[in-house]
Amino acid sequence: MNYLDNFILIALPYLALAVFLIGSIYRYTNRKFQFSSLSSEFLEGRRLFYGSVPFHWGVLFVFCGHLLAFSIPKAILAWNSQPVRLMILEITGFIFGISMLVGLINLVIRRYTTPRLKSVTNYMDLAVYVLLILQTFVGLWIAYNFRWGSSWFSTILTPYLYSIFRLQPDTTAVVLLPWTVKLHIATAFTIIALIPFSRLVHMLVYPLNYLWRPYQQVMWNWNRKKVRSSQTPWSLQRPKNT
Amino acid sequence: MDVRSQVAMVFHLDKCIGCHTCSIACKNIWTDRKGAEYMWWNNVETKPGTGYPSKWEDQDIYKGGWEKRNGKIHLRGAGKRRGLVNIFYNPNLPVIDDYYEPFTYKYLDLIESPEGDDQPTARPVSLVTGKPIDIKMGPNWDDDLGGTPDYARHDPNMKNLSPEEQEVMFQLEKMAFFYLPRICNHCLNPACVASCPSGAIYKRGEDGVVLINQQVCRAWRMCVTACPYKKSYYNWYTGKSEKCILCYPRIEAGLAPACMHSCVGRIRYLGVLLYDASKIEQTASVDEKDLVKSQLDIILDPFDENVIRAAKENGIADSTIHAAQFSPVYKFVKKWGLALPLHPEFRTLPMLFYVPPLLPVMATVKKVDNKEQLDKMHPAAKKWNDNWLYDTSTEELWGSLDQIRFPLKYIASLFSAGDEEMIKDKWKKLMAVRIHRRRVTVGDVSNEKAEEVLRDAGINAETADAIYALTSLPKFEERFVIPAAHREQAIEMMDFTGDTKGDTGFGIKSQVKRGI
Ligand code: HEM
Ligand code: SF4
Ligand code: SF4
């Protein structure tokens, strides 16, 4: 059992993070054409709503929840010190988790019952669905059975994750957690490792920049104003166009 | 004044014969690929009709283009807030059924079927699923008014017509229609560019061609919604949007775009327009009734000294200014005032202009009582139970303009945001040219009448001859005045050839560093 624990809690995280980092950067710099959300709305534009919308809002909230517990554990604990606030946090988190699961199930049903979508479905889609459903289901199971997750995440998991990032993995507390939690950790890192090989890359390129760029974009192949002037030297900044 | 140059176009609708050669030329070069089969960057529609995709002009359905709210223009169905909130599911995205499901036929069955009593048939198969399908729609399902009850009667431009006027149109479905070839308009205020969250779409500074960078597109699919002309298409296979590129590789080499080069009716003209880029937003934000005028005002006179000076300051090449002076587009749009943008009320400032068609105009339909006539006919003869008279006599000079077969309102809703006087003005000119040329060639029109017509239309005989020459007799070089691309300068800028000359020599881009 100890070997398995070490693999799941130490080897897998480092492997997954390395694959994720190298893979994503490689794909972004060398396979940019393949960076896409691979929207299938064009082929099926009605049922997608009942899948994509609950799933994405759910996953965004749940992801941010994990991120907060990871980055500001003390604040979470302080918030949770009052039972009412703890309940609010846990219940909203659970609702968004359910929304994620419902959305996912709708997405799966939609994809495998629409003939047109067969032509844009591959095994990687299946792998992503299976992992996400497993992850969401186990997450909800843990939230329901081992209360209250938001508190013990901040006290047990956050230090463990910190220790991973500090390159001094400390698993003394985590190994004592039930196997469902270890499964949740294992699936999480598997999903992270899978990002560069699947359509999940789309979440890395969320178009935040849209908020502050001007609406219209004009691009010049080269700066003719400077070409015409005899005072400008040869070397100018290369136009960026990718 | 911020002078820029735009490669703009004019389509002369009277000359279009609806042969679809343009569409085929484009398809064969650019969109004969998986995921792009359904795309027709160039398509030709029959008007009245619902078009491609079905009812694309109805922005209550598709939410394309800009709308003016509180004095400012906003994207109707996309934009920063809407685009980012609706990114997981775009409620206004047209789906494949709004275009058509692409298909082919199992031709091999014709050859390889075993011998039998029946003729073998080639069954249609979907190019999406590969399975046999019942074809429900095609890119020109309503060509030449086919299936009028389902298509022409649902034309969004009929919305403002009275029931009586519509009745005239329905009467017309037996005899009058025209073709509307469409490509991307390479707009000055493109909604597609503004809607793209990842910033993949851009307008080229040098010639105004609007392009989608395939490396940056992430399939957020907002441009498909935002383009009111539905000229940005989603490739369902690659997960990237694509659109007309105005054959920029051809333009840069001095060739006409494929659709224009191949045009059988020779309806297409391409040339440079100089415009004032600092006024784009202001121009697109005026009241609807002033839109066409303000769009024409933004286009500058390439002979004006000040414009030329400002253009040179902006780095526009002499050859481009020269091309602008000879531009057939400038002549049609500004000098003669004959061409109008399609649906200016979408506020994207399209740079493709149309000479509104005169052909279905020059006759009237009158309601008459045919009963007496019908009674006289032999009982066995086939009788048409219609009480309309198709009248082509032109007794009065402009008589037919007021009671034409095609309600003015219909053409006005296409080309002038509803301004009927503007259409009338173009038609008068077109008609005056015809009457004047008839005087010259046939000679059965009196001089007084021809002069009166010309004066009324506000042109002189010389202009009429020039319009006639560029309409009917233009040579290739007169239809397409393509500015030199000056790629040699661009390459110098991109690759630092000057720097490498004394180092590795031309052609080698990387610096030589020993050992690395
Ligand atoms: C960062 C913000 C995100 C944005 C803007 C985004 C956007 C999108 C879009 C536009 C689609 C295509 C939907 C369509 O078919 O039209 C999509 C699909 C998908 N996204 Fe996201 N996404 C985000 C985050 C995530 C995350 C965090 C996950 C999971 C960990 C995820 C998992 C998926 C999956 C599995 C699909 C495929 C849905 C299907 O077609 O069955 N997304 N996303
Ligand atoms: S016609 Fe549509 S796709 Fe073309 S530039 Fe205008 S808004 Fe963009
Ligand atoms: S090739 Fe020319 S004439 Fe033929 S349909 Fe196209 S635009 Fe019209």
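For the structure itself, consult the block above.
Engineer: Explanation requested: the overall build of chain A in the structure shown.
Structural biologist: Tallying secondary structure elements over chain A gives 9 helices and 1 strand in all. Taken over the C-alpha trace, chain A has a radius of gyration of 22 Å; the compact-globule value for 242 residues is 18 Å, which it surpasses by more than 25%. The principal-axis extents of the C-alpha atoms in chain A amount to approximately 75 × 50 × 40 Å. Sorting the 242 residues of chain A into buried and exposed places 26% on the buried side. A separation of at least 24 residues holds for 81% of the contacts in chain A among residues at least 6 apart in sequence.

Engineer: So what exactly am I meant to see when it comes to the overall build of chain B here?
Structural biologist: Tallying secondary structure elements over chain B gives 24 helices and 16 strands in all. The buried share among the 516 residues of chain B stands at 46%.

Engineer: Before we go on, may I ask you to explain the packing of helix 1 (residues 2–30) of chain A against helix 8 (residues 179–194) of chain A in this structure?
Structural biologist: A pair of packed helices is captured by two measures, namely the crossing angle of their axes and the spacing between those axes. Residue and element names in this part refer to chain A. Running from N to C, helix 1 and helix 8 cross one another at 20°; their axes reach a closest spacing of 8 Å. By the angle between their directions, the pair helix 1 and helix 8 is classed as roughly parallel. In this structure, helix 1 meets helix 8 at a crossing whose hand is left-handed. Packed against helix 1, whose contacting residues are Ile8, Leu9, Leu12, Pro13, Leu15, Ala16, Leu17, Val19 and Phe20, the element helix 8 presents Lys182, Ile185, Ala186, Phe189, Thr190, Ile192 and Ala193 at the interface. Of the residues assigned to the contact of helix 1 with helix 8, the class counts are 14 nonpolar, 1 polar and 1 charged.

Engineer: Would you explain the site of ligand 3 in this entry?
Structural biologist: Around ligand 3 sit 14 residues in total, of which Cys16(B), Cys19(B), Cys22(B), Cys263(B) and Gly265(B) are the nearest. Elements that contribute at least two residues to the shell around ligand 3 include exactly helix 1 (21–30) and strand 7 (178–182) of chain B.

Engineer: Sorry if this is basic, but what is going on with the site of ligand 1 here?
Structural biologist: Around ligand 1 lies a shell of 19 residues, among which Ser37(A), Ser39(A), Glu41(A), Leu107(A) and Met203(A) are the nearest. More than one chain lines the surroundings of ligand 1; the residues nearby belong to chains A and B. For the shell around ligand 1, the elements supplying multiple residues, two or more each, are helix 2 (48–71) and helix 4 (83–113) of chain A. For the shell around ligand 1, the leading source of residues is helix 2 of chain A, giving 5 residues. Its residues placed into classes, the shell around ligand 1 shows 11 nonpolar, 6 polar and 2 charged.

Engineer: Before we go on, may I ask you to explain the interface of chain A and chain B in this structure?
Structural biologist: You'll often see interface size given as the accessible area lost when the parts meet. Each side of the interface is counted separately: chain A has 45 residues, and chain B has 43 residues. Counting residues per element, the ones that place at least two in the side of chain A that touches chain B are helix 2, helix 5 (115–118), strand 1 (218–219) and helix 9 (224–228) of chain A. In terms of residue count, helix 2 of chain A provides more of the side of chain A that touches chain B than any other element does, 5 residues in total. Its residues assigned to classes, the side of chain A that touches chain B shows 22 nonpolar, 14 polar and 9 charged. Both strand 1 of chain A and strand 8 (residues 201–204) of chain B contribute to a ladder of 2 bridges, which runs parallel. For Met219(A), the partnering residue across the bridge sits in strand 8 of chain B and is Arg204(B).

Engineer: Can you walk me through the pairing of strand 12 (residues 268–276) of chain B in this structure?
Structural biologist: A regular strand places its side chains so that they alternate between the two faces of the sheet. All names here are of chain B. The element strand 12 is extensively covered by neighbouring structure, given that 8 of its 9 residues are classed as buried. Across 9 bridges, strand 1 (residues 3–12) lies against strand 12 in antiparallel orientation. Along strand 12, the bridge assignment pairs Ala8 with Gly271.

Engineer: Can you help me understand the sheet that holds strand 9 (residues 210–212) of chain B in this one?
Structural biologist: The strands that make up a sheet pair up through hydrogen bonds in the backbone, lying either parallel or antiparallel. Strand order in this open sheet of 3 strands is 1(A)-8(B)-9(B), and the pairing throughout is mixed. The open sheet has two edge strands, strand 1 of chain A together with strand 9 of chain B, and neither has a second partner. Bridge count for strand 8 of chain B against strand 9 of chain B is 3 bridges, and the pairing is antiparallel. Its bridge partner being in strand 9 of chain B, Ile201(B) is matched across the sheet by Ile212(B).

Engineer: What exactly am I supposed to notice about the environment of Val193(B) here?
Structural biologist: Position of Val193(B) relative to the elements: it lies in helix 7 (residues 191–195). Overall, the presence of 25 C-beta atoms within 10 Å leaves Val193(B) in the buried class. Each C-alpha atom, one on Val193(B) and one on Tyr237(B), is 22 Å from the other, the two residues being 44 residues apart in sequence. Not counting chain neighbours up to four residues away, the residues in contact with Val193(B) comprise Gln216(A), Gln217(A), Ile201(B), Tyr202(B), Lys203(B) and Val210(B).

Engineer: When you look at the sheet that holds strand 13 (residues 340–341) of chain B in this model, what are you seeing that I'm missing?
Structural biologist: Read from one edge to the other, the open sheet built from 4 strands follows the order 12-1-14-13 (chain B), with strand pairing classed as mixed. Of all the strands in the sheet, the pair left with one neighbour each is strand 12 and strand 13 of chain B.

Engineer: Looking at this structure, I do not really get the environment of Leu161(A). What am I missing?
Structural biologist: All names here are of chain A. Residue position: Leu161 is located in helix 7 (residues 149–165). The class of Leu161 is partly exposed, set by 19 C-beta atoms lying within 10 Å. Considering only alpha carbons, one finds Leu161 and Ile191, 30 residues apart in sequence, at a separation of 16 Å.

Engineer: In this structure, what is going on with the nonpolar core? I would like to understand it.
Structural biologist: A general trend in soluble globular proteins is that nonpolar side chains are found buried together. Within the largest apolar cluster, 137 residues are counted, with the highest numbers of intra-cluster contacts made by Met9(B), Val10(B), Val329(B) and Phe353(B). Considering each element in turn, this core owes the most residues, 8 residues, to helix 19 (residues 420–441) of chain B. Beyond its immediate chain neighbours, meaning those up to four positions away, Val10(B) contacts Tyr269(B), Pro328(B), Val329(B), Phe332(B), Val333(B), Ala339(B), Phe353(B) and Val355(B). Counting 13 residues, the second largest nonpolar core, distinct from the first, contains Ile8(A), Ile76(A), Leu157(A) and Phe189(A).

Cut-offs applied
- Residues numbered from 1 in each chain as written.
- Chains lettered and ligands numbered in written order.
- Predicted model: local features only at pLDDT ≥ 70, side-chain atom pairs only at ≥ 80, totals over all residues.
- Helix = DSSP H or I, 4+ residues; strand = E, 2+ residues; numbered from the N terminus.
- Rg over C-alpha atoms; globule rule 2.2 N^0.38 Å.
- Buried ≥ 20, exposed ≤ 12 C-beta atoms within 10 Å, placed from the backbone.
- Contact = placed C-beta atoms within 7 Å.
- Axes fitted to C-alpha atoms, helices over the stretch in contact; angles between N-to-C directions.
- Parallel < 35°, antiparallel > 145°, perpendicular 65-115°, else oblique.
- Left-handed = near helix turned anticlockwise from the far one by under 90°.
- Nonpolar A, V, L, I, M, F, W, Y, C, P; charged D, E, K, R; others polar.
- Near = placed C-beta within 6 Å.
- Pairing = 2+ DSSP bridges.
- Core = buried A, V, L, I, M, F, W, Y, C linked by C-beta atoms within 7 Å.

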